[in-house]
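# Coordinate inspection notes
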Amino acid sequence: MIFSTLLLGFIPTVFFQEPEETELEAAQRKIAELEAELGPEHPDVAESVGILAGLLLDQGSYAEARPLFERSLAI
């Protein structure tokens with residue numbers, strides 16, 4: 001599972017997308033899968049949450065990105 005987390009960081013999220021998913025939905029789904037397998041406090045989850053926050057930041061969704069950055073740092 002660590003390998004998939006690394007992939008999430010280096011390969012565009014679109015690689016993981018289902019046909020009807022947006023990039024953000026794909027990232028959120030991947031984080032949910034990691035949380036289910038590793039637990040919500042695992043460092044790999046923190047990294048993936050930080051990546052999702054970065055996607056939101058790039059889109060100008062600062063209010064949505066901030067709690068994710070804070071969660072990532074807290075883990």
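Residues numbered from 1 in each chain as written. Predicted model: local features only at pLDDT ≥ 70, side-chain atom pairs only at ≥ 80, totals over all residues. Heavy atoms only, no water.

## Examining the nonpolar core
With 12 residues, the main nonpolar core is built from L24, A27, I31, L34, V45, V49, L52, A53, L55, L56, A65 and L68. Secondary-structure elements contributing two or more residues to this core are α2 (23-38), α3 (43-58) and α4 (62-74). It is α3 that provides the largest number of residues to this core, a total of six residues. (Core = buried A, V, L, I, M, F, W, Y, C linked by side-chain atoms within 4.5 Å. Buried < 20%, exposed > 50% of the residue type's maximum accessible area, 1.4 Å probe, protein only. Helix = DSSP H or I, 4+ residues; strand = E, 2+ residues; numbered from the N terminus.)

## What to know about the environment of G50
Residue position: G50 is located in helix α3. Between the C-alpha atom of G50 and that of L68, which follows or precedes it by 18 residues, the distance is 6.5 Å. Setting aside residues no more than four positions away along its own chain, G50 makes contact with F69 and S72. (Contact = heavy atoms within 4.5 Å.)

## Here's the deal with a nonpolar patch on the surface
Together, L57, Y62 and F69 line one region of the surface with nonpolar side chains, adding up to about 290 Å² of accessible area. Locating L57 in the fold gives a position in helix α3. (Patch = residues over 30% accessible without salt bridge, like charges linked within 9 Å, V, L, I, M, F, W, Y side chains within 5 Å. Areas by Shrake-Rupley, 256 points an atom, 1.4 Å probe, with all protein chains shown as cover. Salt bridge = Lys/Arg side-chain N within 4 Å of Asp/Glu carboxyl O.)

## Here we look at the confidence of the model for the protein chain
When the pLDDT values of the protein chain are averaged, the result is 80; 73% of them are 70 or greater. Within the protein chain, the element-level pLDDT minimum falls on helix α1 (residues 2-10), averaging 47, and the maximum on α4, averaging 96. Confidence drops under a pLDDT of 50 for residues 1-7, and excluding neighbours within four residues, the segment shows 13 contacts in the predicted structure. (pLDDT = per-residue confidence, 0-100.)

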